[in-house]
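Remarks on the overall topology
So the chains spell out like this:
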Amino acid sequence: MMRRELPHDDGETTPLLHLLEDVTSVWTTIVAIVHALWLMIRIRPQVILCNGPGTCIPLCVIAFLFKVLGIRWSSIFYVESVARVKKLFLSGLLLYNLRMADQFFVQWPQLQKNYPRAHYVGCLM
Amino acid sequence: MEDGENDGKRLVFVTVGTTSFDALVKAVVSQNVKEELHKRGYTHLLIQMGRGIYSPPKCDGADGSLAVDYFTFSSSIADYIRSASLVISHAGSGSIFETLKLGKPLIVVVNEDLMDNHQCELAEELEERKHLYCARPHSLHQTLTKMELDSLVRYTPGDGTPVARIIDRFLGFPDD
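As the structure is a prediction and not an experimental result, all values here were calculated from the model.

On to the confidence of the model for chain A, then. Across chain A, pLDDT averages 87, with 90% of residues at or above 70. With pLDDT under 50 throughout, residues 4–10 of chain A is counted as low confidence; its partners more than four residues away or in other chains account for six contacts.

Shown next, in the form of structure tokens:
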């Protein structure tokens, strides 16, 4: 699905460029959400399995909203990246705290201590 | 740990993945690092420099010093890792686990110029578990002088079965 490029700070951007980046960020996020909605309706996945980057968020949000509205097409399973040892990715934090994922998996014991509702499954690599 | 010996050639393979990591490339071709590698019996240094700008000077090693070569990208670095006796890598999880699964000694160098440096968490955790050594560009020489590759513990690849089992159970499939 469509991927929103996150702006990165190379130390050379001006306030105007920052504003332009924010505006394009909002626009590409909207495009990603619309694309996710289209994919959900077309594919009607029974399982959404995701891992880490924010590209999964639009799809998970749509699937979760559908569930809230009573359309239980998809179960959401999130496996936090092996690169996350002590802290979750932002996408993981959202899915964990808002209880959007049906099952949440972490690969390091430190994370399971901080996020007790997660399943610790060891290093999967 | 396996040694990629081939006609007495002992290769050090350096990889920065798809990133730009000039600090590592410069550190690896600095005089004291090359001397330390040479002292430890390595004969060749091959650098995959990715999107970096700095091109190190090549050397054919005919005068008995370390032979140095580089390239930018390759579709797969697995063969380079397999033929290496030592791998020095940036802290990307892909490069780290590809090297560990091939059973090669690994030094991970963390890029201090990166904004969000969560990568060092993984490298430091694996170092604590004695699967690799972790360094910064400026401390690479020190790590090389102190490292004892025989003391590294071989990494055992993970198993996804527990994840599949939990998902199957949640979806109502019977346990095998």
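Residue and element names in this part refer to chain B. Judged by how many residues are buried, strand β1 (residues 11–15) sits mostly within the fold: five of five residues are covered. Residues L11, F13 and T15 point to one face of β1 and V12 and V14 to the other, with burial holding for every one of them. In the sheet, β1 pairs with strand β2 (residues 44–48) via five bridges, with the strands oriented parallel. What sits directly across from V12, in β2, is L45. Sheet topology note: the β1/strand β4 (residues 84–90) ladder contains five bridges and is parallel. Its bridge partner lying in β4, F13 is registered against V87.

Residue and element names in this part refer to chain B. In this structure, V68 sits in strand β3 (residues 67–71). For the pair formed by V68 and V29, sequence separation is 39 residues and the distance between their alpha carbons is 8.1 Å. Not counting residues up to four positions away in its chain, the partners in contact with V68 are V29, K34, L45, I47, P57, K58 and C59.

Thresholds, definitions, all that
Residues numbered from 1 in each chain as written. Chains lettered and ligands numbered in written order. Predicted model: local features only at pLDDT ≥ 70, side-chain atom pairs only at ≥ 80, totals over all residues. Heavy atoms only, no water. pLDDT = per-residue confidence, 0-100. Contact = heavy atoms within 4.5 Å. Buried < 20%, exposed > 50% of the residue type's maximum accessible area, 1.4 Å probe, protein only. Helix = DSSP H or I, 4+ residues; strand = E, 2+ residues; numbered from the N terminus. Pairing = 2+ DSSP bridges.

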